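# Structure at a glance
Here are the chains, one letter per residue:
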Amino acid sequence: MTDKALTDIAFSNFEITPPLLQGLEQAGFSRCTPIQAMTLPFALSGRDVAGQAQTGTGKTLAFLIATMNRLLTRPALANRKSADPRAMILAPTRELAIQIAKDAEKFGAALGLRFALVYGGVDYDKQKAMLEQGSDIIIATPGRLIDYVKQGVVSLHACEVCVLDEADRMFDLGFIKDLRYLLRKLPVRTERQTLLFSATLSHRVLELAYEHMNDPEKLAVETETVTAARVRQLLYFPAMEEKLPLLISLLSRTVDGRSMVFVNTKVWVERVARALEKAHFRVGVLSGDVPQKKHQSLLAKFQRGELDILVATDVAARGLHIDGVSHVFNFDLPFEAPDYVHRIGRTARLGAEGDAISFACELYAQGLPDIESYIEQKIPTAPVTAELLVAVPRQPLARPAQGDSIADIFNEVRANAPADKRGPKSGSRAPRSDKPRTDRPRADKPRSDHPRPASSRSAPDQNRQGQAAAGEAGARKPRRPRRTPHETTVPATAATAAVVKSPQSPSAIKRLGSRIKSWFTPSNPAR
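Residues numbered from 1 in each chain as written. Predicted model: local features only at pLDDT ≥ 70, side-chain atom pairs only at ≥ 80, totals over all residues. Heavy atoms only, no water.

## A few points about the overall build of the protein
Within the protein one finds 18 helices and 13 strands. Burial statistics for the protein: of 527 residues in total, 46% are counted as buried. In the protein, 77% of the contacts between residues at least 6 apart in sequence involve partners at least 24 apart. Per element, the accessible surface of the protein, about 29,200 Å² overall, is 52% carbon and sulfur. (Helix = DSSP H or I, 4+ residues; strand = E, 2+ residues; numbered from the N terminus. Buried < 20%, exposed > 50% of the residue type's maximum accessible area, 1.4 Å probe, protein only. Contact = heavy atoms within 4.5 Å. Areas by Shrake-Rupley, 256 points an atom, 1.4 Å probe, with all protein chains shown as cover.)

## Section: the sheet that holds strand β8 (residues 231–236)
Remark on secondary structure: sheet strands pair via backbone hydrogen bonds, oriented parallel or antiparallel. Spatially, six strands are ordered β8-β13-β12-β9-β11-β10 in an open sheet, and the strand pairing comes out parallel. The strands lining the two open edges of the sheet, one partner per strand, are β8 and β10 (283–286). Taking each pair of neighbouring strands and ignoring which way they run, the sheet shows an average axis angle of 20°. Sheet strands touched by helix α10 (residues 243–252): β8, β9 (258–262), β11 (309–312), β12 (325–330) and β13 (354–359). Its angle to β13, the strand with the most contacts, is close to 165°. Lying over the sheet, helix α13 (residues 337–344) contacts β8, β9, β12 and β13, oriented at roughly 155° with respect to β12. (Pairing = 2+ DSSP bridges. Axes fitted to C-alpha atoms, helices over the stretch in contact; angles between N-to-C directions.)

## Regarding helix α14 (residues 368–375)
Looking only at α14, the buried set comprises L368, I371, E372 and I375. Buried residues in α14, looked at end-on, bunch into an arc of 95°, giving them a common side. Looking at α14, the residues exposed on the side facing more than 90 degrees away from the buried face are P369, D370 and S373. Where the residues of α14 are buried, they touch β8 and α13. Of the residues trailing α14, E376 is marked for its positive phi of about 60°. (Arc of directions from axis to C-beta.)

## Quick look at the sheet that holds strand β4 (residues 137–140)
Taken in spatial order, the seven strands of this open sheet run β3-β4-β2-β5-β6-β1-β7, and their pairing is parallel. Strands with a single pairing partner mark the edges of an open sheet, and in this sheet they are β3 (115–118) and β7 (217–220). Averaged over all neighbouring strand pairs, the angle between strand axes comes to 15°, with direction disregarded. In this structure, strand β1 (residues 49–52) lies alongside β7, joined through four bridges in parallel fashion. Of the residues in β7, the one forming a bridge with V49 is E217.

## Details of helix α2 (residues 34–44)
Buried within α2 we find I35, Q36, A37, T39, L40, A43 and L44. Looking at the buried positions of α2, the neighbouring elements they touch are β1, α3 (59–73), β6 (193–198) and β7.

## Topic: the packing of α2 against α3
Packed helix pairs are specified by the crossing angle of their axes together with the interaxial distance, meaning the distance between the axes. Axis separation between α2 and α3 bottoms out at 9 Å; the angle between their running directions is 20°. Between α2 and α3, the interaxial angle falls into the category roughly parallel. With respect to the hand of their crossing, α2 and α3 are arranged in right-handed fashion. Within the contact between the two elements, α2 uses I35, Q36, T39, L40, A43 and L44 and α3 uses K59, L61, A62, I65, A66 and N69. (Parallel < 35°, antiparallel > 145°, perpendicular 65-115°, else oblique. Left-handed = near helix turned anticlockwise from the far one by under 90°.)

## A short note on the environment of A50
Turning to its location among the elements, A50 is positioned in strand β1. Sequence spacing of A50 and V205 is 155 residues, and the spatial spacing of their C-alpha atoms is 9.5 Å. Those residues in contact with A50 that sit more than four places away from it in its chain are L196, L201, M213, E217, K218 and L219.

## Concerning unusual backbone geometry
In this structure, H280 is a non-glycine residue whose phi angle is positive, near 75°. Note that H280 resides in the loop between α11 (266–278) and β10. The class for H280 is partly exposed, based on a relative accessible area of 28%. At E376, a position not held by glycine, the phi torsion is positive, near 60°.

## Some words on the side chain of K301
Summarising the element assignment, K301 is placed in helix α12 (residues 292–304). In terms of polar contacts, K301 uses its side chain to reach the side chain of D404, at 3.1 Å. Apart from the residues within four sequence positions on either side, K301 is in contact with E306, L307 and D404. (Polar contact = N/O pair within 3.5 Å; in protein donor to acceptor, adjacent residues only side chain to side chain.)

Now the structure itself:
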């Protein structure tokens, strides 16, 4: 953390319990960032707070200090059981929940507080057993926590503190119903403290705040720009086929630091990662298809510097604090303008400097006006030259360990995918078509030189043959002859009808029988 990102206000100026203050000093935290200095006076006094600040400015530490200090200085609610949690921290993504838990354990492990990390994608029974043993603070994603609440594994009736981190992202991911369900399981808003933090406080987020919070104090750190001031932004306009060569070339000219590459779809995560690995870069991936354990392993390697590049979807764009990320590449411009801010916020964190380079291709360039309008500035542009598409040669790397290459990672993904998403295996026959056999093209089999006899031909074949002969002769198709009468009429008083036999169809005979029957049937039976 640089001095320019800090204020002159020290944590010791606040009424923080000495054990917690000592843990902060041991973790290297002595002075506040602007959002911490602004929110802690209200949060430590028990007030509800809705805080807004740019990403990477220390919002996580602000609500962790307020939560832990309350639990250490105030008694629990009278109706709390030993296993019931006293605080609930909700995050929209698994990666953010894991990051919050790591930050909490840095200075809270020696305070006697028990933490429970709950999120989907990992061992369900293991987390269930951890909750049954009891915890003081639950750090969770909404979906998995709701499962445990509905099963009666954990009760939230004694939670004194509720924290909603990145609340606007929860709206984007469709968690609003889950949030309302969990908030209804907590004590009433006058008996609990609610802290809401986000990089953006939209109208819908404020509506949620005023509905479920007790007269919250809205606090925002004003900045001249929406994006971090120390991020150097640059924009290229490549064609689709130029994006990969341009990305590899720019990365080959990056000397120090680590880079993150953001794409919009999981399919392109694999394509970009394979191309970078082929160009002799150490690459990791973060996307929804990759198993959670592999997620954590790749993220840890990237944080330790064992990987040069992390290719990710927006699942990793929120809350991840990774030191030393010097470059962020938007291989695809994001669909939503706020996501651009959160992507480039992975660099230049806590006062550092960084570069954000974006590609506006013909597929995603239509989102550029919305992005520039949202950040209230024009992004500087640069031309795509022929020299820029040629990468600087790199030394080949050692072969990755078994299971660590991009091919191994996605082979594992496909092996663990449901059967209906795998598609047909190579060499296997495709499923039969639902069309009848007559609609399918014939196989290219050699035909016999001897024509089929006329008796063996079907009626359509004979019709086609007759039409072809008529076409060759150039003759006009004759008009259908007028039907001749097939019977002779006899007086109605005759007892029998003399019918003259003639070549007639069964339908004509049926009509004739109906007509004769009508002659001998009285028109009004009531007379």
